[in-house]
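# Architecture and fold: a report
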Amino acid sequence: MTDMTRTQVGVVGAGPSGLLLSQLLHLQGIETVVLERRSRDYVLGRIRAGVLEQGMVEMLKRAQVADRLSREALIHEGIELAFAGRRHRIDLKGLTGGSVVTVYGQTEVTRDLVAAREALGGQLVYEANDVAAHDFDSDKPRLTYRVDSGEHELRCDFIAGCDGFHGVTRQSLPRDALRAYERVYPFGWLGLLSETPPVSDELIYNNHERGFALCSMRSRHRSRYYIQCAADEKAEAWPDARFWDELRARLPADAAEALATGPSIEKSVAPLRSFVAEPMRFGRLFLAGDAAHIVPPTGAKGLNLAASDIHFLSRALIAFYEEGRDDLLDSYSEAALRRVWKAERFSWWMTSLLHRFPDSSPFDARLQLAELDYVVSSRAAATALAENYVGLPYE
Ligand code: FAD
Ligand code: DHB
């Protein structure tokens with residue numbers, strides 16, 4: 001027997017995009033059910049991004065999930081670029097007329113969102129298996145899924161595909177409905193989290209002949225470091241001591257000396273990819289976040305793009321339910337994609353500027369250094385980096 005329920009918006013995926021959409025709609029009296037393949041513990045334990053744009057912070061405030069963020073997050077007014085043995089500061093705040101970024105882990109954002117959904121009685125179904133989207137080209141879309149051995153059907157007005165790059169919603173669209181654009185980079189990032197004070201007050205993006213390295217953080221006592229590695233690298237091949245040695249070798253001397261090391265809490269390899277699927281809507285199914293696009297992590301844009309998609313999608317759904325308008329639903333894909341493509345460009349550019357490519361020649365390496373030198377010595381070039389890094393406007 002199939003258990004049947006109804007909601008207004010069926011959300012697939014309890015990552016940041018699905019949870020944020022569910023919370024924003026709930027606050028406007030719009031019902032949602034969120035179907036998540038993983039367990040609650042898995043969702044709450046996942047470690048990913050760490051830098052939030054101002055636009056995302058404003059959305060979290062509107063979603064009433066920013067109390068802890070306001071108390072605990074670190075505000076960063078600049079970042080550093082390091083190359084040829086020297087560190088150079090990009091004054092984000094000065095160059096953008098006052099914009100900053102907020103350092104607060106995706107893990108914490110997810111915790112705050114889950115806590116808020118639970119406090120408001122939001123319906124989150126974990127360990128939902130075999131989720132499938134049906135009839136989204138009609139006005140009666142449905143989601144089917146299994147929990148344990150029970151079969152369920154969720155009838156809804158709209159489906160939000162917030163189920164990440166490997167999710168099911170994008171794959172359920174007819175093959176000729178989507179055009180995909182993709183670039184896979186010939187390397188990955190090996191990340192390490194440790195309970196150690198960050199090497200510096202601000203993030204350091206390092207271009208080095210041994211490969212890219214990033215010094216980031218989660219708090220004043222917790223650090224997050226990344227080093228460029230082979231795409232098929234195994235984290236197990238990197239005992240902590242090997243990681244710290246390699247990181248030290250890629251940092252300018254003063255940073256290498258100041259680096260505090262300690263046992264890792266987590267270590268993992270992430271592939272680097274650029275990907276966009278267009279359009280982000282098919283009938284009554286809307287894609288958002290990683291389900292529709294991926295950026296390489298170098299510009300810290302993945303999580304922030306998930307938030308800007310939800311800005312456009314929540315606004316469109318609220319206009320539909322409150323005013324009977326469907327113009328914003330119709331323009332959702334175009335509005336979201338305009339911003340997505342600019343973040344794709346920026347992430348590709350930051351990646352190209354900072355990494356060693358297997359086929360790059362000594363000439364290419366010198367061009368990278370010349371471009372970095374230009375970026376840190378020209379106010380116009382530094383401003384272009386800064387305004388993208390803090391986040392382009394939502395409109
Ligand atoms: P996700 O966070 O992927 O959430 C999708 C959810 O859908 C997941 O909970 C998943 O379990 C669920 N799901 C998947 N399939 C199904 C299904 N069939 N049925 C039901 N549920 C399903 N960005 C940065 O800016 N900086 C970083 O350092 C960074 N590091 C990253 C490291 C890794 C390993 C990855 C994968 C991503 C990283 N990102 C980073 C990107 C950033 O984390 C994502 O852009 C962000 O999580 C997107 O949010 P989302 O909600 O759209 O997707
Ligand atoms: C982090 C990740 C990024 O990709 C980035 O550009 C900055 C920070 C992080 O995980 O802290």
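Look up: the structure comes first, before these words.
Residues numbered from 1 in each chain as written. Chains lettered and ligands numbered in written order. Predicted model: local features only at pLDDT ≥ 70, side-chain atom pairs only at ≥ 80, totals over all residues. Heavy atoms only, no water.

By size, the foremost hydrophobic cluster in this structure holds 73 residues, and its most contacted members are L20, L21, L35, L52 and L60. The dominant element in this core, judged by the number of residues it contributes, is helix α9 (residues 302-323), at 10 residues. In this view, L21 contacts V11, A160, C162, I310, L313, S314 and L317; residues no more than four positions away in its chain are not counted. Within the second largest apolar cluster, 34 residues are counted, among which are Y205, W349, L354 and A386. (Core = buried A, V, L, I, M, F, W, Y, C linked by side-chain atoms within 4.5 Å. Buried < 20%, exposed > 50% of the residue type's maximum accessible area, 1.4 Å probe, protein only. Helix = DSSP H or I, 4+ residues; strand = E, 2+ residues; numbered from the N terminus. Contact = heavy atoms within 4.5 Å.)

This brings us to the pattern of salt bridges. In this structure the tally under the stated criterion is 28 salt bridges. In this structure, E153 and R155 form a salt bridge, with 2.8 Å as the shortest nitrogen-oxygen distance. Given the relative accessible area of 9%, E153 is considered buried. What makes R155 partly exposed here is its relative accessible area of 39%. A salt bridge links K267 to D240, with the shortest nitrogen-to-oxygen separation between them at 2.7 Å. Residue K267 is located in strand β18 (residues 264-278), and its partner D240 is located in helix α7 (residues 240-250); the two are separated by 27 residues in the primary sequence. Residues joined by salt bridges that share partners form a network here, namely R68, E72, E108, R111 and D112. (Salt bridge = Lys/Arg side-chain N within 4 Å of Asp/Glu carboxyl O.)

Close to ligand 1 lie 29 residues; S17, E36, R46, Q106 and D290 are nearest. Here Q106 contributes a side-chain N or O atom positioned 2.8 Å from an oxygen atom of ligand 1. Side-chain polar atom of Y226 to an oxygen atom of ligand 1: 3.3 Å apart, as the coordinates give it. Coverage of ligand 1 by the protein amounts to 85% of the 1000 Å² it exposes when considered alone. Broken down by secondary-structure element, the contributors of at least two residues to the shell around ligand 1 are α1 (16-27) and α9. Considering each element in turn, the shell around ligand 1 owes the most residues, 3 residues, to α9. In terms of residue class, the shell around ligand 1 is built from 13 nonpolar, 8 polar and 8 charged. (Near = heavy atom within 4 Å. Polar contact = N/O pair within 3.5 Å; in protein donor to acceptor, adjacent residues only side chain to side chain. Areas by Shrake-Rupley, 256 points an atom, 1.4 Å probe, with all protein chains shown as cover. Nonpolar A, V, L, I, M, F, W, Y, C, P; charged D, E, K, R; others polar.)

Moving on: the sheet that holds β18. Each strand in a sheet pairs with its neighbour through backbone hydrogen bonds, running either in the same direction (parallel) or in the opposite one (antiparallel). Read across the open sheet, the 8 strands follow the order β7-β6-β15-β16-β17-β14-β18-β21; overall the sheet is mixed. The open sheet has two free edges, formed respectively by β7 (86-90) and β21 (293-294), since each of these has just one partner strand. Each of β14 (179-194), β15 (204-206), β18 and β21 touches helix α10 (residues 327-354); the most contacted strand, β18, lies at about 125° to it. Running at roughly 145° to strand β6 (residues 79-83), helix α11 (residues 362-377) makes contact with β6 and β7 of the sheet. (Pairing = 2+ DSSP bridges. Axes fitted to C-alpha atoms, helices over the stretch in contact; angles between N-to-C directions.)

Attention now goes to the site of ligand 2. Near ligand 2 there are 15 residues, and of these Y205, S216, R218, Y226 and P297 occur at the shortest range. Within the side chain of R218, one N or O atom sits 2.6 Å away from an oxygen atom of ligand 2. The contact in question runs from an oxygen atom of ligand 2 to an N or O atom on the backbone of P297, over 2.5 Å. Protein contacts shield 97% of the accessible area of ligand 2, which totals 290 Å² for the unbound molecule. The set of elements that each furnish at least two residues to the shell around ligand 2 consists of β16 (213-219) and β17 (222-229).

Here we take up the packing of aromatic side chains. Under the criterion given, the structure shown has 17 aromatic pairs. When the ring of F158 is compared with that of F320, the centres are 5.0 Å apart and the planes differ by 90°; the resulting orientation is edge-to-face. Of this pair, F158 sits in strand β13 (residues 158-161) while F320 is found in helix α9, placing the two residues 162 residues apart along the sequence. Here the aromatic cluster, defined as three or more aromatic residues joined through ring pairs, consists of F158, F286, F320, Y321 and Y332. Between R242 and the ring centre of W238, over which it is positioned, the NZ or CZ distance is 3.6 Å. (Phe/Tyr/Trp six-rings, centres within 6.5 Å; stacked < 30°, edge-to-face > 60°. Lys NZ or Arg CZ within 6 Å of the ring centre and 35° of its normal.)

Before going further, it helps to examine the environment of R210. Tracing the backbone through its elements, the reader meets R210 in the loop between β15 and β16. The sequence separation of R210 and R250 amounts to 40 residues, and the corresponding C-alpha distance is 6.5 Å. If near-sequence neighbours (up to four positions away) are discounted, R210 is found in contact with E246, A249 and R250.

A few words now on the side chain of D112. Tracing the backbone shows D112 in helix α6 (residues 106-119). For D112, a relative accessible area of 13% translates into the label buried. If sequence neighbours within four positions are ignored, D112 has contacts with V65, R68, L69 and Y104.

For the rest of this paragraph, the subject is the environment of A237. Inspection of the secondary structure assignment puts A237 in the loop between β17 and α7. Relative accessible area serves as the criterion here: at 35%, A237 is assigned to the partly exposed category. Here the alpha-carbon distance between A237 and W341, two residues 104 residues apart in the chain, equals 36 Å.

Here we take up the environment of L74. Residue placement: L74 occurs in strand β5 (residues 74-76). On the accessibility criterion, L74 (9% relative accessible area) is buried. Along the primary structure L74 and T102 are separated by 28 residues, whereas in three dimensions their C-alpha atoms are 5.7 Å apart. Not counting the four nearest positions on each side in its chain, L74 is found in contact with V101, T102, V103, M217, S219 and R220.

Just geometry here; none of it tells us what the structure is for.
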